[in-house]
Amino acid sequence: MKAKPVIPRELAAQDIDEAIAYYLSEDAIQAAPGFVDALERAYAHIVRHPAAGSPRFAHELNLPGLRARSLRSYPHWVFYIEKDDHIDVWRVLHGQRDIPLWLNDASDTDRDGAY
């Protein structure tokens, strides 16, 4: 079976850019590439085990199929939905944010996964 590609939505890409910019602005030079490495490891795990992510927010927000995976050593979560041909990454959010509010912003844009 061929691995599904991980495709971050525009909001997820913005989340990632903002996290990297934050670490760089705090002179956490080691943290920025570490964050990228942790994100890549999370993506690799999601590709191998897409159903392993937590469905907690799917239930809270009535978003069937939504899963979440935490980043090791970083306080961020990857929110995604497995599609037939790819992994649709909705957001990459810091755990201290109001996650239901931020995810609702993404889901209000499009609940089907189209851009």
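Cut-offs used in this document
- Residues numbered from 1 in each chain as written.
- Predicted model: local features only at pLDDT ≥ 70, side-chain atom pairs only at ≥ 80, totals over all residues.
- Heavy atoms only, no water.
- Phe/Tyr/Trp six-rings, centres within 6.5 Å; stacked < 30°, edge-to-face > 60°.
- Helix = DSSP H or I, 4+ residues; strand = E, 2+ residues; numbered from the N terminus.
- Buried < 20%, exposed > 50% of the residue type's maximum accessible area, 1.4 Å probe, protein only.
- Pairing = 2+ DSSP bridges.
- Axes fitted to C-alpha atoms, helices over the stretch in contact; angles between N-to-C directions.
- Contact = heavy atoms within 4.5 Å.
- Core = buried A, V, L, I, M, F, W, Y, C linked by side-chain atoms within 4.5 Å.
- Polar contact = N/O pair within 3.5 Å; in protein donor to acceptor, adjacent residues only side chain to side chain.

*Asks:* Sorry if this is basic, but what is going on with the packing of aromatic side chains here?
*Replies:* Given two aromatic rings, one states the distance between the centres and the angle between the planes to describe the pair. Scanning the model with the defined rule gives five aromatic pairs in all. Arranged with centres 5.9 Å apart and planes meeting at 45°, the rings of Tyr23 and Phe35 form a pair that is tilted. One end of the pair, Tyr23, is in helix 1 (residues 10–25); the other, Phe35, is in helix 2 (residues 31–48), and 12 residues separate them in sequence. With respect to class, Tyr23 is no different from Phe35; both count as buried. Judged by centre distance (5.7 Å) and plane angle (75°), the rings of Tyr23 and Tyr74 are edge-to-face. Within this pair, whereas Tyr23 is found in helix 1, its partner Tyr74 is found in the loop between strand 2 (66–70) and strand 3 (76–82), the two being separated by 51 residues in sequence. Since its relative accessible area comes to 11%, Tyr23 is described here as buried.

*Asks:* It is not clear to me how the pairing of strand 4 (residues 87–94) should be interpreted in this structure. Could you clarify?
*Replies:* Within a regular strand, side chains alternate between the sheet's two faces. Of all eight residues in strand 4, seven are buried; the element is thus mostly enclosed. Strand direction decides the pairing type here: strand 1 (residues 6–8) and strand 4, joined by three bridges, are parallel. By the bridge assignment for strand 4, Val6 is matched with Ile87. In the sheet, strand 3 pairs with strand 4 via seven bridges, with the strands oriented antiparallel. Each residue of the ladder has a partner; that of Trp77, found in strand 4, is Leu93. What sits between strand 3 and strand 4 in their antiparallel hairpin is a turn of four residues.

*Asks:* Sorry if this is basic, but what is going on with the sheet that holds strand 3 here?
*Replies:* Neighbouring strands of a sheet are bound in pairs by backbone hydrogen bonds; such pairs are parallel or else antiparallel. Ordered in space as 1-4-3-2, the four strands form an open sheet in which the pairing is mixed. Looking at which strands have only one partner, the edges of the open sheet turn out to be strand 1 and strand 2. Strand-to-strand, the axes of this sheet are offset by a mean angle of 35°, without reference to chain direction. Sheet analysis places strand 2 next to strand 3, joined by five bridges and oriented antiparallel. By the bridge assignment for strand 3, Arg67 is matched with Tyr80. Its contacts with the sheet place helix 1 against strand 1, strand 3 and strand 4, and it is angled at close to 35° to strand 4. On the sheet, helix 2 packs against strand 1, strand 2, strand 3 and strand 4 and is oriented at approximately 30° with respect to strand 3.

*Asks:* Even after reading the chapter, I still don't get the nonpolar core, so can you show me in this structure?
*Replies:* Generally speaking, soluble globular proteins have nonpolar side chains that are buried together. Counting 19 residues, the largest nonpolar core has Phe35, Leu71, Val78, Val89 and Val92 as the members making the most contacts within it. Mapped onto this core, the elements with two or more residues apiece are helix 1, helix 2, strand 3 and strand 4. Among the elements that take part in this core, helix 2 stands out by supplying eight residues, more than any other. The residues touching Val92, leaving out its near neighbours within four places in the chain, are Ala12, Asp15, Ile16, Phe35, Leu39, Tyr43, His76, Trp77 and Val78.

*Asks:* Looking at this structure, I do not really get the side chain of His86. What am I missing?
*Replies:* For His86, the location among the structural elements is in the loop between strand 3 and strand 4. Of the residues examined, His86 reaches a relative accessible area of 14% and is grouped as buried. Only 2.8 Å separates the side chain of His86 from the side chain of Asp85, close enough to count as a polar contact. Not counting chain neighbours up to four residues away, the residues in contact with His86 comprise Lys4, Pro5, Ile7 and Ile81.

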